[in-house]
Amino acid sequence: MDSRLEKNVYEDDKSLDEKAADGVADVQEVAARDIGAIPSDVAEAAEFAKTMSDEEVLEKARFIHEMHGKDPNFPPKAMDLIIRSLNEDLRATDPLAWSELKVEMALITINSPYMEVRAVVDNHDDPNEPCITARTWLIGIVYVAAGAFINQFFSIRFPSIYVNSNVAQILAYPAGAFLARVLPSTVFNTFGYEWSLNPGPFSKKEHMVITIMANVGFNTPYTAYILWVQYPDRFFGQKWALDYGYQITTALSTNFIGYGLAGLTRRFLVYPVISIWPHNLATIALNRAFHERDSSTAVEGGWRVSRMRYFTYCFGGMFVYFWFPNFICESLTYFNWTTWIAPNNKKLAWITGLNTGLGLNPFPSWDWNFQAVDPLVNPFYATVNNFAGKLIAFPVILAVYFTNTFYTSYLPLNSNGVYDNTGKRYNVSRIVNDAGHFDLEAYKQYSPAYLAASQSLVYGFFFAAYTSTITHSILYHRHEIVYGLRNLLRRRSAFADADDIHMKLMSKYKETPEWWYFIVLCVSIGIGAAGIAAYPTHAQPAVVLYGLALALIFCVPIGIIKSITNVEVTLNVLAEFFGGLWFPGDALSMNFFKTYGYVTTAHTLAFAQDLKLAHYSHIPPRITFWCQMIATLASTFVTISIINWQMTSIENVCDPLQKDRFTCPGANTFFTASVLWGTL
């Protein structure tokens, strides 16, 4: 290597012009461009690279190639350089490339290999920063109770109102700042533990703990759908479902089973550096916008703006714009301008329309809430793949429809409804007896069930997605799965050979033992089985284990894919299919199987995502455990209490003509699916 380059390649006390003269700036600039890093991160990595030997650099390169060789989120140019270093001696053939490699390997050692993570997640931690305080519990529990109340109360109304956990994240900052200003700072001593109502300024970690509590607490239990199809007379009319003990046992069981599985799958879904969970990055970015108000980020053209100011601009602009597509000009939401060309042309409406058509429209909507895929959060390749899948399915759906396959030409082209032989919505109440079981004679007198062309293909694509999910995980992520499974079986600490900077930072805190989560899982299974057995459900308590088996098979493959792409493969179709096979003619048993299979998997991924959020925020794991447990417990009791009150206090609840629009649209869909799959 050039002696001048060897001497000055990592010196940071010179100006950029002086370094450029020595060739050092070129190395750092190329490294920054190839791996997507900002100058300050590269400068820190260059300093650390001084401490790395050549053998350490090559060993790091081999490890990165093994773990990230097929990682779609890893910078491709950096991977190309790593492959070069493994195939040739860059020290002799290309000294500049070797210097660049050292900087990049150092950067990956002291920071995340992903530029999206480095942009919002700090690679430093202050263990003394307040995390769980009295004001954290106060704000968190109040917001969880309020959010659970609002979401459950309006969930059976059409149109419904849903409060996202981001609302709690935004409102938590002024509440925390206010309490930090007014609460006394007196220090108390309780059994040797010193604490204060006001330990100082409202911190980032306190804010994130409240956000995590809202993430788990704002979700209503999925068993609410089971309860709503059981109790009303227009569905199954099972009045015993009003029993509060039955309601709370099933709700607690489904919520906490997912939490237990999430803790047991941390080695696969939380600890691996490859599991970035893109949605968490937006949450962390918003958190930093509130707490790093003095910092500014350079923008193209030299304009500088703080995170908080930029958020305020965007928030204000979206607030004003929201009124146009949602109230002032509602046609902007479903912008069917293509059908204006020929309003009476049905085929044009089928192809380009957005309501019951396929929506082939370059400008389908001007309402951001209409977007099915969030391009700001999802990786670019995931958005492109989603678009490509729609292009492939488009002609197939048209072919099925126009050839009248499965009698689809008599039905709407694009609909998730179920129809009878007259083209009307299928009336499932005509094919079940008083116990809610299938009545063959009534079915013969009524009609088979028919699906639209799009919905028929959706079910086919789902089954293709299930098999490809497992295959993809084995082909591309077997190293992570095998590594996590080996350490789990050996009872080896996940932090023993921690190579990720955030794993190293979190190793300073006491980890939550896996047996804690295992106890939660076992107790939840017991509560669920007891609730099913103690009441006249006519379902086997073992249905809990059957559903759990499905979740155990798929939670890791689906979780790995979601943690990388932010795209989740849901198990609702598979759970309905197997539930109908295992419990023929028994809709309620199928519902329980679906809940403990599909919903448990969904809860597992949601809780694992929050565990990763706490991991990135450097919140002690045991604090995360208890804040999630308590928030989920509080939310469950609030939502079940509201459901119990709604069933007895709202007149004609779930009736299509209910005066206050509490028509239970979600329960209607759930009832139809439960009868079609569980009864038919």
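Analysis parameters
- Residues numbered from 1 in each chain as written.
- Predicted model: local features only at pLDDT ≥ 70, side-chain atom pairs only at ≥ 80, totals over all residues.
- Heavy atoms only, no water.
- Helix = DSSP H or I, 4+ residues; strand = E, 2+ residues; numbered from the N terminus.
- Core = buried A, V, L, I, M, F, W, Y, C linked by side-chain atoms within 4.5 Å.
- Buried < 20%, exposed > 50% of the residue type's maximum accessible area, 1.4 Å probe, protein only.
- Disulfide = S-S within 2.5 Å.
- Polar contact = N/O pair within 3.5 Å; in protein donor to acceptor, adjacent residues only side chain to side chain.
- Patch = residues over 30% accessible without salt bridge, like charges linked within 9 Å, V, L, I, M, F, W, Y side chains within 5 Å.
- Areas by Shrake-Rupley, 256 points an atom, 1.4 Å probe, with all protein chains shown as cover.
- Salt bridge = Lys/Arg side-chain N within 4 Å of Asp/Glu carboxyl O.
- pLDDT = per-residue confidence, 0-100.
- Contact = heavy atoms within 4.5 Å.

1. Quick notes on unusual backbone geometry
The phi angle at Trp-277 is positive, at roughly 50°, despite the residue not being glycine. If you trace the backbone, Trp-277 turns up in the loop between α15 (266-269) and α16 (278-291). The backbone phi angle of Arg-661 is positive, close to 70°, even though this residue is not glycine. Relative to the assigned elements, Arg-661 resides in the loop between α27 (621-649) and α28 (665-679).

2. Points about the nonpolar core
Within the largest apolar cluster, 114 residues are counted, with the highest numbers of intra-cluster contacts made by Trp-228, Leu-571, Phe-592 and Ile-619. Counting residues per element, this core draws most heavily on helix α26 (residues 587-617), at 14 residues. Of all hydrophobic cores here, the second largest spans 28 residues; its members include Ala-37, Met-52, Leu-58 and Met-79.

3. Focus: the state of the cysteines
Should the sulfur atoms of two cysteines be covalently bonded, the bond is a disulfide. Tallying each qualifying case throughout the model produces one disulfide. Here Cys-131 stays unpaired: no disulfide links it, and the sulfur of Cys-627, its closest cysteine neighbor, is 8.0 Å away.

4. Describing the environment of Ser-468
As for its placement among the helices and strands, Ser-468 is situated in helix α21 (residues 453-489). Residue class for Ser-468 comes out partly exposed when judged on its relative accessible area of 38%. In sequence terms Ser-468 and Pro-557 are 89 residues apart; their C-alpha atoms lie 9.9 Å from each other. Reaching out from Ser-468, the side chain makes a polar contact with the backbone oxygen of Ala-465 at a distance of 3.0 Å.

5. Observations regarding a nonpolar patch on the surface
The grouping of Phe-315, Phe-319, Val-320, Tyr-321, Phe-322, Trp-323, Phe-324, Phe-327, Ile-328, Phe-363 and Trp-366 at the surface amounts to a nonpolar patch, some 1100 Å² of accessible area in total. Tracing the backbone through its elements, the reader meets Tyr-321 in helix α17 (residues 307-328).

6. Some remarks on the confidence of the model for the chain
Across the chain, the average pLDDT comes to 87, with 94% of residues at 70 or higher. Below pLDDT 50 for its whole length, residues 1-23 participates in 40 contacts with residues either more than four positions away or in separate chains.

7. Notes on the side chain of Ser-589
Of note, Ser-589 is situated in helix α26. Residue classification places Ser-589 among the buried residues on the basis of a relative accessible area of 1%. If we skip the residues at most four places from it in the chain, Ser-589 touches His-538, Ala-539, Val-543 and Phe-583.

8. Here we look at the environment of Phe-153
Within the secondary structure, Phe-153 is located in helix α10 (residues 134-153). When near neighbours in sequence (up to four residues on either side) are disregarded, Phe-153 contacts Ile-642, Trp-645, Gln-646 and Phe-662.

9. Some details on the pattern of salt bridges
Charged atoms that come close allow side chains of opposite charge to pair. Taken as a whole, this structure holds 14 salt bridges when the rule is applied. Two residues, Asp-54 and Arg-91, come together in a salt bridge whose shortest N-O distance is 3.3 Å. Residue Asp-54 is located in helix α5 (residues 54-68), and its partner Arg-91 is located in helix α7 (residues 90-93); the two are separated by 37 residues in the primary sequence. Judged by its relative accessible area of 25%, Asp-54 is partly exposed. The partner of Glu-576 in a salt bridge is Lys-594, and the shortest N-O contact between them spans 2.7 Å. Note that Glu-576 is positioned in helix α25 (residues 572-582) and Lys-594 in helix α26, a separation of 18 residues in sequence. Across the pair, Lys-594 and Glu-576 agree in class, each one buried. Connected via shared salt-bridge partners are Asp-54, Asp-89 and Arg-91.

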